[in-house]
Every structure is written in C-alpha cells, then in structure tokens.
Amino acid sequence: MRLSAVSTIFLACLTISGCTARGEREAAQASLPSKEMTSSITKTGRAVPSVEIGETVSRVERQQALAVAMPTDIRPEAFVPSSQGGGDAPVPLQRPLAMLAPSNPIPRALRQQPMQIYGHRFRDAKPINFGSSTSPRKLAVHGVDVSRWQGEIDWDTLRTQGANFVYIKATDGGDHLDPMFKKNWRAAQQAGLKHGAYHFFYWCRTAGEQADWFIRNVPREAGALPPVIDVEWNGESSCKRRPSREQVLAKMQVFLDKLERHYGQRPIVYTAPDFYRDNLSGELLSYPFWLRAVAAHPSKVYPGRKWLFWQYSGSGVSHGVDGKIDLNAFHGSEQDWHNWVASSAH
C-alpha cells in the first residue's frame, strides 16, 4: 500500500527521534561514575569545590579538549573568587579548567635573580642525633611543608627562620581540596618563598581522575617548584586497598605523565620507608625523590637511592607558626639550589 507524503514525513521524524534518544541513553551509560572513590576524607561544604565526586576521566578529558580554545586568563578552580561572601572558600567555574595559563606569572627578569638564602634557625621538639657528619644542619638550604593543620602562618617570619622553600598541601584523591591551599599559596608567593604544591595519592581512586583534580586546582605558575606526588600507606584511611607493586607503579606513571605534560616539569616523588620498601626500591630512577627519614640519614634508610629533598623532622618548632611543622633540606649547596631552581623552572 502506498503512503501519502505527509505519512512518510511523519514516520521519518519518529525514526530520527528514536535514534536520538537511544544515542543519549548510550552516552549517559558510557559516562557512569568510576567505582574507585575517595571515602577517607570528610568534606566540609565550604572548603571543597562543588564537583561531582564520581566524575570520570573520559568526561574530564573531553573538557580538556574544549579548554584549548578558551581564553587563557581563566584561573584554576581553587583561585576563583567567591561571589557568595564565603571568604577564601573556592567556587568552581562552569567552564573547563585544565590547560590554563599561569594565574600570576613572575617576570622573567625577576625569576633569574637568585633569592636570598636564610640560615637554619629551626628548633625540634624531638631532636635526633643524626651524627656530626650527616646532620641536616650541614645542608645549606632548608624549607618546610604545610597544610591546613598549620593554621594561620606568619610567612615573613617563617622565611627568616630558615624556610627558603615551602611545599603546600593542595589536593587528596579526586575530590578534596585543602581549605588553606589558596591562602597559603598566595601568602608564600608574596613573602618571596619558592613554593610548590603536593598531592596525597589515594589507592581507591583512578590515577587519571586524581591528576585532573590536581590540575584543576593548582596554578601553572611561572617560577613555581615542580609538583609533588605523595605516595605512602595510610593506616588511618578508610581505603584499605594495597595494590600490587606493578599496579602501584602503573598508577603512579599515569599521574606523573599527566602532570609533566601539563606543567612542563618533571614531578617529584615523596615517600616513606615502608612504602618505598614495598614498591619503589630500584624503581623510577629518572625521577627526583623526596624522602622521609626522621630517625636516620636517608643513606641508611634508603640505601642506594639518590635524593633531592630530605624530610628530617615532623616535630619542628619555629617562630611564625603555631604547633609543629615538617622540616626539610635540599641535597646540595646554595649554588646547587640556585642551579636546580633555574633548571626546573618552566
């Protein structure tokens, strides 16, 4: 039986509508949230940018592709000012935030000028005798790492006490932002400290999601120190997963590669003795290491491993900060420090 022209057109529209609806359902199914979640962090409403916790890597990668054509003056999510009277609480933009230009670029001429090195004036609530020849006091350049737990910091005082650099806690997993990150980052910059950011890695979340979260919140700033991945076993975490050595290395490589592509700097690996023994001994030899060794020199705790930074105390005491603070030292002379800073700049 022959159909009229109107009937033919009506049937064609129904067919197209059905295909479109089916295509939308398939796309939604393809972007289901990852089952790997960060569940050990209690989020606080104000401090964490509103991002879908289960945001998938594929979705973020699609956003990154779109972001290339966007204006380059967009700031990372942690640095977007609040329009709701929330003080320093970060408010996310509605547009993709990856592949962005530096938020506060430092003039090239200024970056080329070596900064003054302040001598070690820290004290230690639990001092350790590392030996006269291997004492951290023998090293010329000291610094600190901080997070929300240090509270309000007098950065100018802390710097004159011997903090020539600082690593600032930025992110955990794929959904948590340290609520003091933005304030600490800006204040350290204003005080003239060389500064960088670190990410605490979770083993119950995909590496790609974690890298994307870090990139969304940490500026690609001229003169900043290379980013750091903090890898360790955390007995206090609700994530009890301990992947195999092969899985650990594979996850780390995904994270390291994404950060290196974005920031143009080789990331630094921070670790502790037990995690190193289980996963990193003899591995990742082309990456700089930051080693925690608070009871003995790194050469004894990590035999054969070259290192860039040594975290020698978790009980440091200093003017400029209340409570304890982690103390670190750079492996080299003042000139070595200036050379490394210049070579690692992007």
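A few points on the structure. Bear in mind the structure is a predicted one, so any value in this text is a computation, not a measurement.

## So, the state of the cysteines
Covalently bonding the sulfur atom of one cysteine to the sulfur atom of another cysteine gives a disulfide.
1) Next: Taken as a whole, this structure holds one disulfide when the rule is applied.
2) Next: The disulfide that involves C204 links it to C239, with 1.9 Å between the sulfurs. Measuring handedness by torsion sign, the sulfur bridge of C204 and C239 sits at about 85° and is right-handed. With C204 in the loop between β5 (194-200) and α6 (207-217) and C239 in the loop between β6 (228-231) and α7 (245-263), the pair connects residues that are 35 residues apart, well separated along the chain.

## Comments concerning the pattern of salt bridges
1) Next: Per the counting criterion, the structure on display carries eight salt bridges.
2) Next: A salt bridge links E152 to K183, with the shortest nitrogen-to-oxygen separation between them at 2.9 Å. Of this pair, E152 sits in the loop between β2 (142-146) and α4 (155-160) while K183 sits in helix α5 (residues 181-190), and the two are 31 residues apart along the sequence.
3) Next: For R205, the salt bridge goes to E209, with nearest N and O atoms at 3.4 Å. Considered together, R205 and E209 belong to a single accessibility category, that of buried residues.
4) Next: One network of salt bridges, with partners in common, ties together D175, R205 and E209.

## A word on the side chain of N217
1) Next: Secondary-structure assignment places N217 in helix α6.
2) Next: In terms of polar contacts, N217 uses its side chain to reach the backbone carbonyl oxygen of W213, at 2.9 Å.

## Observations concerning the nonpolar core
1) Next: In this structure, W155, F181, M252, V269 and L280 are the most contacted members of the largest nonpolar core, which totals 60 residues.
2) Next: One finds L225, Y270, W340 and V341 within the second-largest nonpolar core, a separate group that totals 16 residues.

## Focus on the packing of aromatic side chains
1) Next: A full pass over the atoms with the stated rule returns 26 aromatic pairs.
2) Next: For the pair W233 and F275, a centre-to-centre distance of 4.8 Å together with 65° between the ring planes defines the contact as edge-to-face. Here W233 is found in the loop between β6 and α7, whereas its partner F275 is found in helix α8 (residues 273-280), with 42 residues between them in sequence.
3) Next: With centroids separated by 5.8 Å and ring planes inclined at 65°, the aromatic side chains of W310 and Y312 adopt a geometry described as edge-to-face. The pair W310 / Y312 is uniform in exposure class, with both members buried.

## As for the packing of α7 against α8
1) Next: Running from amino to carboxyl end, α7 crosses α8 at an angle of 100°, the nearest separation of the two axes being 9 Å. Put simply, α7 runs roughly perpendicular to α8. Taken together, the residues of α8 that come into contact with α7 (itself represented by R245, V248, L249 and M252) are F275, R277, D278, N279 and L280.
2) Next: Of the residues in the contact of α7 with α8, the class split is five nonpolar, one polar and three charged.

Rules used throughout
Residues numbered from 1 in each chain as written. Predicted model: local features only at pLDDT ≥ 70, side-chain atom pairs only at ≥ 80, totals over all residues. Heavy atoms only, no water. Disulfide = S-S within 2.5 Å. Helix = DSSP H or I, 4+ residues; strand = E, 2+ residues; numbered from the N terminus. Salt bridge = Lys/Arg side-chain N within 4 Å of Asp/Glu carboxyl O. Buried < 20%, exposed > 50% of the residue type's maximum accessible area, 1.4 Å probe, protein only. Polar contact = N/O pair within 3.5 Å; in protein donor to acceptor, adjacent residues only side chain to side chain. Core = buried A, V, L, I, M, F, W, Y, C linked by side-chain atoms within 4.5 Å. Phe/Tyr/Trp six-rings, centres within 6.5 Å; stacked < 30°, edge-to-face > 60°. Axes fitted to C-alpha atoms, helices over the stretch in contact; angles between N-to-C directions. Parallel < 35°, antiparallel > 145°, perpendicular 65-115°, else oblique. Contact = heavy atoms within 4.5 Å. Nonpolar A, V, L, I, M, F, W, Y, C, P; charged D, E, K, R; others polar.

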